Every structure is written in structure tokens, then in C-alpha cells.
Amino acid sequence: MSNDSNLHGKPEIVTGHEVHHDEHHVHHHKETFITKYVFSQDHKTIGKQFLITGIAWAIIGGLFSVLFRLQLGFPDQTFPILETFFGRYAKGGQIQPEFYYALITMHGTVLVFFVLTAGLSGTFANLLIPLQCGARDMASPFLNMLSYWFFFMASVVMVSSLFVSTGPASGGWTSYPPLSALGDANQGSKIGTDLWLIAMALFVVSSLLGGLNYISTILNMRTKGMSMTRLPLTIWALFFTAILGVLSFPVLLSGFILLLFDRNLGTSFYLSDIFVSQTGQALPNEGGSAILYQHLFWFLGHPEVYIIILPSMGIVSEVLAVNSRKPIFGYMAMVGSLFAITILAFLVWAHHMFVTGLNPFLGSIFVLLTLLIAVPSAIKVFNWLTTLWRGNIRFTPATLFSIGFVSLFISGGLTGVFLGNSTIDIHLHDTKFIVAHFHIVMGVASFFGMFAGVYHWFPKMFGRYLNSTLGFIHFWVTMAGAYLIFWPMHYEGLAGVPRRYLDLSGWHNFNKFGELNKMITVVSIIVFAVQLMFIFNFFYSIFKGRKVRHQNPWGANTLEWTTPIRPGHGNWTGEIPEVHRWAYDYGKDGREFIPQTEPIGKGEGHH
Amino acid sequence: MQTFFVILILAFGFLITFQIAKTSEYVAVLRGEEKARKQTNRINAFLLLIFLIAGLIGVYYCNERLKGKILGEAASIQGEKIDTMLYITLAVTGIVFFITQILLFWFAFKYQESDQRKAYYFPHNNKLEIIWTVIPAIALTALVGFGIYYWFKITGDAPQDAMQVEVTGSQFKWEFRYPGKDGIFGKKYYKQIDPEKNNPLGQLWDDPYNRDDIVINEMHIVVNKPVKLIIGSKDVIHDVGLAQFRMKMDAVPGTPTTMWFTPKYTTRQMIEKSGDPDFVYELSCDQLCGKGHYSMRGVVIVETQEEFDRWLISKQPQYMAAHPAQAPQKTQPADTTKRVAANMNK
């Protein structure tokens, strides 16, 4: 009943719950273009808004990486076209250091927060939570709408920071002070960083509004019979993701606010004993601690990588089960490992700070807790493998991306065992090894989960299919490309090549990877081009794709496939269906799949 | 012009790909969707197998090509421990990597859709799940154990007889201070920093321990003698990265940090060992510190005690540079009064 009052559904949608369905509780609101597509409160539309904004950001963030890869791969060559577009930032067709650092900062910020947090959680939490829990909409559709528009405002501020005369923030995506606090020490730390901080603050508001909504919807608005243990793993993953975000983003916000104070109000939270050589002046600030910021940042920063990967894990679990035509192996272990990861995610942040002068004893505790997280991760991998074992696998693009996800998660997860061990981290910290590690395990793997989700639920979003031939090309090129780019990069890291170096020619011991960097750049351009092809496929298929004619095209058990092919606001035309079983009865008792809505038959085996 | 052609070719290639993809969709409809789907299913399953094989060959090839370029033997005693830990971890994770990747792609290929097979309903198995919770837990406990053992050895207190060098980072250079004959560093205060008055580190000249401190832009250390670095920064966070010694520590303004190690080979020995006449130990900044970060390089020279003593004796204390050709005691108060007067006039 609770969500009735918030609905503005089409006239034919009966919005009453089962209790009141005889009352014909129908709202006759007129939908204008504005309420339907712009300020929509329909969770499905909001999900699409997050997805499309995320895609726009992914193009920008990806393009930035291509630009700085050009510098890394061809440090001696000039590209006059860059000067045409970027003027003094690419004087003589060569990327200037300030521009390079602005590019990597924006690449990181955009992809970590705007694409893989908002674009991934925002899309799939919005789309799937009401549909798979059996609710007509979110607990608060209005807050949900605000969540998107705060994200949009954050995007506007962030984009505007790209055009200020001193350039955008350029202190790395982590924006450590004092570098990010001192405009005199760094061009990008002038107005660019203020805009960056404001955009991020708006972003935190957006993600809190979204997260609270996701949690309350999952806890309170499941349909009849949908106990927590009958929820699909996608919902469990999104649930834990939201909890991580709600508990850790406020800490980040506090860290950012202190930084804003230090920058503009003369406080000394992070600043102490500083002499800026550019101005030849000693600053008055004493007694602050630059390391305090790192604690506040990584208290979100580490949970953040799980905020990014957990939704992908959920999507992959669901897609692999559906397409292996087998139940996900070890459902309770999967939920338990998600829970364990969520708890541990809060207890490992200082492994980013092993070489900051942290007390070695404290460091050793964080080694233990960090490596502990490998246990639930290993359980998940083994369970995915067993899900494939003796299945009857259909290779849709979504399945392929899910298999790719597992492969990348293994590769990147194992290199995490190196870095989590403080002894090895002394050598590998802040080298290309860490760049390779987190790009594989968090960047590309999460993208693979996101792609799997887009290919799998595109029919539900738009009532059409994506072209699967383009989907296969997309998968194979991206998969091969991801390994070609990041696998050899580990070797650079083992050689000690520091990250964020735009030119190695001045270094005797590092300057021997010219050929390799050239190869990586060429491959990354190809991979980027193929992503553009995917985006073309995406928009083309929204309007011209093959139409979905079957209500349940993948033969899946979950509730979203019991809605009409193009569901209106309110999702189900009649009553919300009742749920009688878990989401994974595939291949049971000789039947290919048994939807959750089917009552348990007489004498049916117990799972 | 060249760029234009490249873009044209790319666009053309894309157009062709798109047309083929579009046609394949129509052909599938004509031939019967089910049949076409099964065919692409077989192709993708086969490609997964090919990817596994090509990937394993690629891993081998990559290692062959690059193994000579990663740093050779660690040049410090602590670095040896780090390398040992690295190899233990590599062995454990390597085994897991090959087993899981091979199973993943093999299962995907083997259990591709077939009319002959029905998926096996296998929702859970407590025994299996316990096995693969316990085995990783044991393996990781071992790794944590070794790791922490070495960690405490490396980060423990430096030996009493360790020589001390103070390292100061600033945008974008390194400066080193030696305590001189008395073995004690004089006090400093960041507000006294004044490069124009030859006081780049802000030494307090009224502290007598500062009289013999030597400030220099190249680090010299003694082979087989533990060295303790006292690390600081003048402006933003930097990081002392010594890749050949496998050491690293942040330089944080306002919060001094320390790190110690024992170099094993002199620079000259490394030149002989590596056969590279230009070999030099390098100190890299490993924490983003601004536009010159990538060029913030320092040079470390490891030499014998004799060579080191000879080198140190040839250097003039910074005090002399700051007080040129004077009897030190006389000028000090005069300077101060002048500055105070100047300040009062402001």
C-alpha cells in the first residue's frame, strides 16, 4: 500500500496492492514528456537515466585515457591535432605535464565514481530492485528522482571544472593534500579542485539518497512470499553495496569538507610545516596532519572498490545461473561471502598506507585483515566454477562477459595477494603493478559485469535486443585487449617503474619499456574504438533493434520477466505476483526452469 | 592528412562490421533462429578454448620477453627478504591461477549447450564448500605469517651503528643532510628556510650541532653498513623510492618518517655485475607531487667506507655557505637585529 500514493502510472495500470485491488485505486495523472522522461519518478526510467549519463561519462573518461596513453606510448612524437583541440595544454602537439596529470585525475575520478558507482549501481539497483523484489517502485520515488538529479548536478559541476582557465583538478583521483590544498604548488589545485570537491560532495548526496532508498525498498517492499533467502543474488549484492555506501560515503564527505576549509578558510587540518618554493614563502599552518586525509579518504576509498565490484558479482551470479541452466552453486555461501566482504571492506583501508610511516604493528593487523578478504573471494570463484560445471551453457554476450568477469577477477584478485602483504607492498607500492592490479580486478572486471547486465536486461529496459554479433565482437576484442594492456604492465611494476610518470626517458633503470608502451597504447585505442561500437549498438538498438516478442526471452525464474514486455510505471498490470520458491530452480526434476511464481508441487524435491 | 585517412578507414571498417552484424541477424531469422543460435554457440565455445590456449602461450611469451627487464637481484639485505616473499607468493598464486583459469575455460567449452545433455541440478554441497574455504584460509595464513615475519624484520628499529642521512623532498628535487663529525643533526625550523640565504632546509644557526652538518644533492652511503634515512618534505607529500634496494617510504611535510636498509653492492660492483657501464642507483619520487613528479630523480652512490670518508671530508658544511668568509659568532647577532629592524619597519 505504501507506494500507491507515489505512483503516477498510466491509466490502465492498477496500482493497488492485493488488499485493495477491488477498490480500483487508480491514479489518472497525465504524463507529459517532462514527467515521463526528465523528472520521472519511475525507477526504470531513473535507471536508464543513470545508465545513459554513465555512458556519456565513460566516453569522456575513456577518451582521456587514450590521450594520456598517446603520451606514454609515443613520448617523442607530436600530434598537431591535439594542439588544435586543446591549445596550450598540448603545445606543439605534445601533452604538457599539467595536462597529463589533469587527464589521469579526471580519468580516475570519472570512471571510479561517475561510471562504475553511479552508472553501475545507479542503473541496476534502480532497474532491478523493485522488479526482482516484486515492488511497484522504490520506497521513495521522489528521493530516487532527486538522487539522479544530484548526480546530474555533480556532473555539471565536474564538466564545468574542465573549462576553467587554470585547468581541472590534477592531484590524482585521491587528491591527497597538501598537493590538492595548495594552488601555488599545483595549477590544478586552484579553482579546479574547489569545483572537484563540490562536484564530489553533490555526488555523495546523490549516492546517499539512492542507497537509503535501495536498503529500505529491499527490507520493506518485497512481495508476498519473497523472504530474504529467496532473493536473487543481484539483490543481495546491491543490498550490501548500498550499505557500504551509506556507511562510508559520509566519512569521505567529512574529509572533503575539511579540505575545503583548509583551502579556503585558513584552517590547518591537513597542513603543517610547509614552504612553497614557487612563492618562496613558508605557510603559517602548523600542527595539521596530511595523513589524516588519507585515513578519511580510504575509509571510503577501500569500501568504494567493493561498491564497484559487488553489483558486478551479483549480476554475474544471476547471468551465469540463467545461462548454464543450473542453480547458482552454494547460494547461502554466496550470500555469506558477500556479507563477509562487506564487513571486511571496512577493516582494510590502511593497506593503502603501508609506506606512509604507519606504525608497523598497525600495518601487520591490516595485512591480516586484508588477506582474510581473499577467503570469501575464493569461495565466490569456486562457486562460479561449479555453477558452470555440468551445465548446459548458452553463450549469449552476457554469458561471455560473465565468464570474462570471472577470469579477470581471478587474475586481478591474485595480484591483490601480493599487494596486501605489506612486505611485498614496500617494493610494489605506487608502481605500475598496482595500476595493472586494480584496472583488471576493479576496472575491467566491473565493466564486464556491467556489460553482462546491459546485454542481459536490455530487453527488459527497451523491449528490444542488442545486436548479438556486435556483442560478440565487443566481447572478444575487449577481453583480449584487457589482458594485452594490463598483463605485461605488471612487469613494469616489478621493475619498479612508478605510476603517474609521463616520460621515462630521464631514468636509467626504467627507460626500457618503450616497445611495450607502444603496444599497450595501440591496443587501448582499438579497445576504445570497440567500446564506441558498443555504444552505437546500444543507441541504435533502442530504436531499431530486433523486437522482443517473448515475455521471458532467456527462460529465467526471476520476477522481472513476469511483467509485460514493456512495463509501465507500476510494473505489473494486475496484482503483484506471489513468490513460492527461490530464484534458482533451473534443471530441477527434469524441468528446464521453474519461475519463482510457481507454487511448490506435490512431492517436489527439496533443494 | 594521415589522421584523416586513419579516421576514414576506421569509419569504413566500422560500417562494414555493422552491415555484417545486421545481415547476420536477418539471416538468422531466415534460417531459423534456433539453428543459428546453436551455431554461434559452438563458435563461441570453441573461441573460449582457443583463448585459453593462446592466453597460456601469451603468458609464457610475455615472461620470456620481459623477464630480463625487471630488476635483477635485490641490492640490499632487506630487499632479499622482500624478493623471497615475492617468490613464495608468486608460487602460491601461480598454482591457483593456472588451475582456476584452466577449469573456467575448460568447463565453459566442455559444457556448452547440447541437446544430448541436461543440466545437472546441483545447488550446494557442504563438504565441497568447506574444503574450498579451508584450503585458501590455510594458504593465506601461511602467506600472512611469512609476510609479517619479514615485515617486522624490515620495519624494526635500525641497528645502533647505522649511519644516518636526512632526506628532504621538495618540488621537484631531493636534498640530503649528513650530521658531520659530531654525528648529530642540528635543529631546523621550516620558517627559516631561505634558499637565497643558503639555508635550503631551515637549519637554526644558533644550534651548535648545525655547524658541521653537510647539505648536498647526491646521496652517498657505505656498502654493508646499515643506513637509516630520516625522511621529510618541505611542501607536498613525496616518496623516497629505491627500486634496486626494494625500499620505499613517504616524505610527509610536518611528520618525519624513517626507513633503514643495508646496501650489499657498491655502485662499481653493480656496474660489473650488470655489465652496464652507465649503471647508477636511482631514487625516484613515487607519490604524485605535481607537474614535475616524473622527473624528480635523485642519485645514490654506494661506496666503500674509505671512499665515503674521503668524499665527506671534501665537503663544506652548509654553515660556511650561509656565513661566507666570516668568523661565525660575530655576524650572527648583527644579521638578526637587521632583520628584526626590517620587520618593524613593515
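Conventions used here
Just so you know, the residues in each chain are numbered from 1, in the order the chain's sequence is written. Written order determines the labels here, with chains lettered from A and ligands numbered from 1. Side-chain atom pairs in this predicted model are given and counted only at pLDDT of 80 or more, local residue features only at pLDDT of at least 70, and totals for whole chains, interfaces and linings cover all residues. Hydrogens and waters are ignored; side-chain quantities use all the structure's heavy atoms. A run of H or I in DSSP becomes a helix once it reaches four residues, and a run of E becomes a strand once it reaches two; helices and strands are each numbered from the N terminus. The classification of residues rests on relative accessible area computed with a 1.4 Å probe and restricted to protein chains. Under 20% of the type maximum is buried, over 50% is exposed, and intermediate values are partly exposed. In what follows, residue pairs with any heavy atoms lying within 4.5 Å of each other are defined as contacts. The Shrake-Rupley method, run with a 1.4 Å probe sphere, supplies the accessible areas, and residue values consider only the shown protein chains as cover. Note on charges: Lys and Arg go in the positive column, Asp and Glu in the negative column, and His and the chain ends are not counted at all. Charge placement uses NZ in Lys and CZ in Arg. For Asp and Glu, CG and CD serve respectively. Residues qualify for a patch when their relative accessible area is over 30% and they have no salt bridge, like charges being joined within 9 Å and the nonpolar side chains of Val, Leu, Ile, Met, Phe, Trp and Tyr within 5 Å. For salt bridges, the criterion is a side-chain nitrogen of Lys or Arg within 4 Å of an Asp or Glu carboxyl oxygen. Note on pairing: two strands pair once DSSP finds at least 2 bridges between them. Throughout, an axis means a line fitted to C-alpha atoms (over the contacting stretch in the case of helices), and angles, computed between N-to-C directions, take values from 0 to 180 degrees. Stacked, tilted and edge-to-face are the three classes applied to pairs of Phe, Tyr and Trp rings, where Trp contributes its six-membered ring and a pair requires centres within 6.5 Å; stacked means planes under 30 degrees apart, edge-to-face means over 60, and tilted covers the rest. The rule for a charge over a ring is simple: NZ of Lys or CZ of Arg within 6 Å of the ring centre, and within 35 degrees of the ring normal. Defined here as a combined quantity, buried area equals the accessible surface (1.4 Å probe) lost by two parts on assembly, summed across both. Here a polar contact is recorded for every N or O atom pair within 3.5 Å, except that within protein the pair must consist of a potential hydrogen donor and a potential acceptor, and residues adjacent in sequence are included only if both atoms are side-chain atoms. An angle counts as roughly parallel when it lies under 35 degrees, as roughly antiparallel when it exceeds 145, as roughly perpendicular when it falls between 65 and 115, and as oblique in every other case. Polarity classes work like this: nonpolar for Ala, Val, Leu, Ile, Met, Phe, Trp, Tyr, Cys and Pro, charged for Asp, Glu, Lys and Arg, and polar for all others, with Gly in that last group. A score between 0 and 100, pLDDT records how confident the predictor is in each residue. The definition of a nonpolar core used throughout is a set of buried Ala, Val, Leu, Ile, Met, Phe, Trp, Tyr and Cys residues joined through side-chain atoms within 4.5 Å. Handedness of each helix crossing follows the sense of rotation of the near helix against the far helix: counterclockwise by less than a right angle gives left-handed, clockwise gives right-handed. In a helix, the anticipated span is given by 1.5 Å times the number of residues less one. Segmentation into domains, and thus their bounds, comes from an automatic or database assignment.

### Re the overall build of chain B
Moving on, step 1. Across its full length, chain B holds eight helices and ten strands.
Moving on, step 2. Dimensions along the principal axes, computed over C-alpha positions, put chain B at roughly 100 × 55 × 45 Å.
Moving on, step 3. Burial statistics for chain B: of 346 residues in total, 46% are counted as buried.
Moving on, step 4. In chain B, once contacts between residues fewer than 6 apart in sequence are set aside, the share between residues at least 24 apart is 70%.
Moving on, step 5. Carbon and sulfur atoms make up 63% of the accessible area of chain B, which totals about 18,200 Å².
Moving on, step 6. Side chains of chain B carry 39 positive and 35 negative charges; the gap between the two charge centres is 5 Å.

### Remarks on a nonpolar patch on the surface
Moving on, step 1. On the surface, I257, F261, L265, F269 and L292 of chain A cluster together into a nonpolar patch covering about 410 Å² of accessible area.
Moving on, step 2. Structurally, the position occupied by L265 of chain A is in the loop between helix 7 (233-264) and strand 1 (275-276).

### Let's talk about the sheet that holds strand 6 (residues 238-242) of chain B
Residue and element names in this part refer to chain B.
Moving on, step 1. What the five strands build is an open sheet, ordered 4-10-9-6-7; its pairing is mixed. Two strands bound the open sheet, and with one partner strand each, they are strand 4 (219-222) and strand 7 (247-251). Direction aside, neighbouring strands of the sheet carry axes that sit 25 degrees apart on average.
Moving on, step 2. In terms of strand pairing, strand 9 (residues 281-285) meets strand 10 (residues 297-303) through four bridges, oriented antiparallel. Bridge assignment links S284 to a residue of strand 10, and that residue is R297.

### A word on the packing of aromatic side chains
Moving on, step 1. All told, the structure shown has 88 aromatic pairs over all chains when counted by the stated rule.
Moving on, step 2. Geometrically, the ring pair formed by F418 of chain A and F433 of chain A is tilted, given 5.7 Å between the ring centres and 50 degrees between the ring planes. Note that F418 of chain A is positioned in helix 12 (residues 397-419) and F433 of chain A in helix 14 (residues 432-462), a separation of 15 residues in sequence. Across the pair, exposure class does not vary: F418 of chain A and F433 of chain A are buried alike.
Moving on, step 3. Centre to centre, the rings of F536 of chain A and F18 of chain B are 5.0 Å apart; their planes meet at 90 degrees, and the pair counts as edge-to-face. Here F536 of chain A is found in helix 17 (residues 514-544), whereas its partner F18 of chain B is found in helix 1 (residues 2-31) on a different chain.
Moving on, step 4. Judged by relative accessible area, which is 9%, F18 of chain B ranks as buried.
Moving on, step 5. Above the ring of Y120 of chain B, the side-chain terminus of R390 of chain A is found at 4.1 Å from the ring centroid.
Moving on, step 6. Stacked on the ring of Y265 of chain B, the Lys or Arg K273 of chain B has its end atom at 4.5 Å from the ring centre.

### Quick notes on the interface of chain A and chain B
Moving on, step 1. Taken together, the contact pairs 127 residues of chain A with 111 residues of chain B.
Moving on, step 2. Where chain A abuts chain B, roughly 10,600 Å² becomes buried across the two surfaces, and 69% of that area is made up of carbon and sulfur atoms.
Moving on, step 3. The largest share of the area that chain A buries against chain B comes from F275, I426 and Y491 of chain A, three residues that together contribute 7% of it.
Moving on, step 4. In this assembly, chain A and chain B are joined by three salt bridges.
Moving on, step 5. Between K291 of chain B and E98 of chain A there is a salt bridge; the shortest N-O distance is 3.7 Å.
Moving on, step 6. Summed over the shared surface of chain A and chain B, the result is 44 residue pairs in polar contact (both at pLDDT 80 or more).

### Focus: the packing of helix 15 (residues 468-486) of chain A against helix 1 of chain B
Moving on, step 1. Orientation of helix 15 of chain A relative to helix 1 of chain B, taken along the N-to-C sense of each, is 130 degrees, at an axis distance of 7 Å. In this view, helix 15 of chain A runs oblique relative to helix 1 of chain B, as classed from their interaxial angle. For the pair formed by helix 15 of chain A and helix 1 of chain B, the contact residues are T469, L470 and I473 of chain A on the first element and T17, F18, A21 and S24 of chain B on the second.
Moving on, step 2. Looking at the contact of helix 15 of chain A with helix 1 of chain B residue by residue, the class counts come to four nonpolar, three polar and no charged.

### Observations regarding the confidence of the model for chain B
All names here are of chain B.
Moving on, step 1. Chain-level pLDDT for chain B is 90 on average; 93% of the residues reach the 70-or-more range.
Moving on, step 2. Put simply, helix 8 (residues 328-345) is where chain B has its lowest mean pLDDT, 45, and strand 5 (residues 227-233) is where it has its highest, 97.
Moving on, step 3. Note that pLDDT drops below 50 for residues 327-346; the model gives that stretch eight contacts with residues more than four away or on any other chain.

### Digging into the environment of G55 of chain B
All names here are of chain B.
Moving on, step 1. Note on placement: G55 falls in helix 2 (residues 33-66).
Moving on, step 2. By relative accessible area, which is 29% here, G55 ends up partly exposed.
Moving on, step 3. For the pair formed by G55 and E73, sequence separation is 18 residues and the distance between their alpha carbons is 28 Å.

### Details of the side chain of N199 of chain B
Residue and element names in this part refer to chain B.
Moving on, step 1. Mapped onto the elements, N199 comes out in the loop between strand 2 (173-178) and strand 3 (214-216).
Moving on, step 2. On the basis of relative accessible area, N199 is assigned to the buried category, the value being 4%.
Moving on, step 3. Setting aside its immediate chain neighbours within four residues, N199 contacts Q192, I193, D194 and W205.

### Some points on the nonpolar core
Moving on, step 1. Core analysis: the biggest nonpolar cluster contains 280 residues, and W384 and F405 of chain A together with Y178, L229 and L242 of chain B have the highest contact counts within it.
Moving on, step 2. Among the elements that make up this core, the one with the highest residue count is helix 4 (residues 97-133) of chain A (22 residues).
Moving on, step 3. Non-local contacts of L229 of chain B, meaning those with residues more than four positions away in its chain, are made with V165, V167, M219, V240, L242, T257, T258, M259 and F261 of chain B.
Moving on, step 4. Membership of the second largest hydrophobic core comes to five residues, among which are L470 and M533 of chain A together with F18 and A21 of chain B.

### Details of the packing of helix 4 of chain A against helix 7 of chain A
All names here are of chain A.
Moving on, step 1. Interaxial distance between helix 4 and helix 7 falls to 10 Å at its minimum, and their mutual angle equals 130 degrees. What the angle tells us is that helix 4 and helix 7 run oblique. Our pair here, helix 4 against helix 7, has a crossing hand that is left-handed. Facing helix 4, whose interface residues are F113, T117, S121, F124, A125, L128, I129, Q132 and C133, helix 7 presents T234, I235, L238, T241 and F249.
Moving on, step 2. Broken down by class, the residue content of the contact of helix 4 with helix 7 amounts to nine nonpolar, five polar and no charged.

### A word on helix 5 (residues 141-161) of chain A
Residues and elements named next belong to chain A.
Moving on, step 1. Relative to the 30 Å expected for 21 residues at 1.5 Å per residue, helix 5 spans 30 Å between its end C-alpha atoms, a close match to the ideal helical length.
Moving on, step 2. Among the residues making up helix 5, those that are buried are P141, N144, M145, S147, Y148, W149, F151, A154, S155, V157, M158 and S161.
Moving on, step 3. If you follow the buried residues of helix 5, they end up packed against helix 1 (33-38), helix 2 (43-73), helix 4 and helix 6 (191-220).

### A few points about the domain arrangement of chain B
Moving on, step 1. If you check the domain split of chain B, you get domain 1 (22-70), domain 2 (71-113 + 124-156) and domain 3 (163-323).
Moving on, step 2. One C-alpha centre belongs to domain 1 of chain B, the other to domain 3 of chain B, and the line joining them spans 54 Å.

### Topic: the pairing of strand 9 of chain B
Residues and elements named next belong to chain B.
Moving on, step 1. Of all five residues in strand 9, five are buried; the element is thus mostly enclosed.
Moving on, step 2. Because side chains alternate across strand 9, one face comprises the buried residues Y281, L283 and C285, and the other comprises E282 and S284, equally buried.
Moving on, step 3. As judged from the two bridges shared by strand 6 and strand 9, these two strands associate in the antiparallel manner. When the bridges of strand 9 are listed, G241 appears paired with S284.

### Considerations on unusual backbone geometry
Moving on, step 1. In this chain, P177 of chain A is followed by P178 of chain A through a cis amide linkage whose omega measures 0 degrees.
Moving on, step 2. Structurally, the position occupied by P178 of chain A is in the loop between helix 5 and helix 6.
Moving on, step 3. For the peptide bond that leads from Q171 of chain B to F172 of chain B, omega is -10 degrees, which places it in the cis range.
Moving on, step 4. Positive phi, normally seen in glycine, also occurs at N571 of chain A, with a value near 70 degrees.
Moving on, step 5. Position of N571 of chain A among the secondary structure elements: in the segment after helix 17.

### As for the confidence of the model for chain A
Moving on, step 1. When pLDDT is averaged along chain A, the result is 92, and 95% of the positions lie at 70 or above.
Moving on, step 2. Ranking the helices and strands of chain A by mean pLDDT puts helix 12 of chain A first, with 97, and helix 1 of chain A last, with 82.

### Some words on the environment of Y176 of chain A
Moving on, step 1. Counting through the fold element by element, Y176 of chain A comes out in the loop between helix 5 and helix 6.
Moving on, step 2. For Y176 of chain A and Q531 of chain A, which are 355 residues apart along the polypeptide, the C-alpha to C-alpha distance reads 31 Å.
Moving on, step 3. Residue contacts for Y176 of chain A: discarding those within four places in its chain leaves G171, Y293, Q294 and W298 of chain A together with Q287 of chain B.
Moving on, step 4. Looking at Y176 of chain A, its side chain comes within polar contact range of the side chain of W298 of chain A, at 2.7 Å.

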